Amino acid sequence: MNIDNRDIFEQIGNAFYAVAADQHVKPLEVGELKLLISNDWLPRTTAGNEALVSDEAHSIIMAIDSLQTAQTKSNDAFKEFASFYHKHPDVFSNDLKERIVKTARDIVKIFKADNRKPNRHLEALKNLFQLQKQITL
């Protein structure tokens, strides 16, 4: 089965949405979340005088917007990502997994949740990637 890059990055959007939902990101903070994704993780490229967000960042942001509009539960979004990951682990290089975890950690760091509990979807994400690492060794 051929996997489109857009599908991969939409699924990454599911993971980031779940992490952000656990942090109780408020509607007014969503712009900051999008800026984090477009600037920090998937860099902008310039064409002439205008800055363009990469296709990857656009796919992630569109997925988050869609999930937010549908008021998707964070568990459902994360389960969708985990299911995709289990079906297609080969499309997730170690570098890509590290970048995903880094962004998830940045989300947790920037958007402080009211409760001081660890972000359950960040922990699940790290466990998911660690489990796969152990299986492939």
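Quick summary incoming for the structure in this document. Remember, predicted model here, so these are calculated numbers, not experimental data.

### Let's talk about the pattern of salt bridges
Right, on to step 1. A full pass over the atoms with the stated rule returns six salt bridges.
Right, on to step 2. The salt bridge partner of K102 is D106, with a shortest N-O separation of 2.8 Å. One end of the pair, K102, and the other, D106, are both in helix α5 (residues 94-110), four residues apart, so they sit about a helical turn from each other.
Right, on to step 3. Assessed through its relative accessible area of 41%, K102 is described here as partly exposed.
Right, on to step 4. Beyond isolated ion pairs, a larger network of salt bridges with shared partners links K102, D106 and K109.

### Description of the nonpolar core
Right, on to step 1. Counting 37 residues, the largest nonpolar core has I12, F81, F92 and L125 as the members making the most contacts within it.
Right, on to step 2. Those elements that provide at least two residues to this core are α1 (5-22), α2 (30-41), α3 (55-69), α4 (74-87), α5 and α6 (120-136).
Right, on to step 3. Each residue touching F81, except ones within four places of it in the same chain, is listed here: Q11, I12, N14, A15, F92, L125, L128 and F129.

### Things to note about the packing of aromatic side chains
Right, on to step 1. In this structure the tally under the stated criterion is seven aromatic pairs.
Right, on to step 2. Aromatic side chains F84 and F92 sit 6.2 Å apart centroid to centroid with 80 degrees between the ring planes, which places their arrangement in the edge-to-face category.
Right, on to step 3. The buried category is assigned to F92, whose relative accessible area is 4%.
Right, on to step 4. Among the aromatic side chains, those forming a connected cluster through ring pairs are F78, F81, F84, Y85, F92 and F129.

### Some remarks on α4
Right, on to step 1. Taking 1.5 Å as the rise per residue, α4 with 14 residues should run 20 Å; its terminal C-alpha atoms sit 20 Å apart, in good agreement.
Right, on to step 2. Turning to α4, its buried residues number three or more, namely S74, A77, F78, F81, A82, F84 and Y85. Around the axis of α4, the buried residues are gathered within 160 degrees of arc, so they sit on the same side. The exposed residues of α4 that point more than 90 degrees off its buried face are K79 and K87.

### Brief notes about the side chain of N119
Right, on to step 1. For N119, the location among the structural elements is in the loop between α5 and α6.
Right, on to step 2. For N119, the side chain forms a polar contact with the side chain of Q23, separated by 2.8 Å.
Right, on to step 3. Setting aside residues no more than four positions away along its own chain, N119 makes contact with V19, D22, Q23 and V108.

Reading the values: the criteria
Residues numbered from 1 in each chain as written. Predicted model: local features only at pLDDT ≥ 70, side-chain atom pairs only at ≥ 80, totals over all residues. Heavy atoms only, no water. Salt bridge = Lys/Arg side-chain N within 4 Å of Asp/Glu carboxyl O. Helix = DSSP H or I, 4+ residues; strand = E, 2+ residues; numbered from the N terminus. Buried < 20%, exposed > 50% of the residue type's maximum accessible area, 1.4 Å probe, protein only. Core = buried A, V, L, I, M, F, W, Y, C linked by side-chain atoms within 4.5 Å. Contact = heavy atoms within 4.5 Å. Phe/Tyr/Trp six-rings, centres within 6.5 Å; stacked < 30°, edge-to-face > 60°. Expected span 1.5 Å × (residues − 1). Arc of directions from axis to C-beta. Polar contact = N/O pair within 3.5 Å; in protein donor to acceptor, adjacent residues only side chain to side chain.

It is worth stressing that arrangement in space is one thing and function is another; only the former is reported here.
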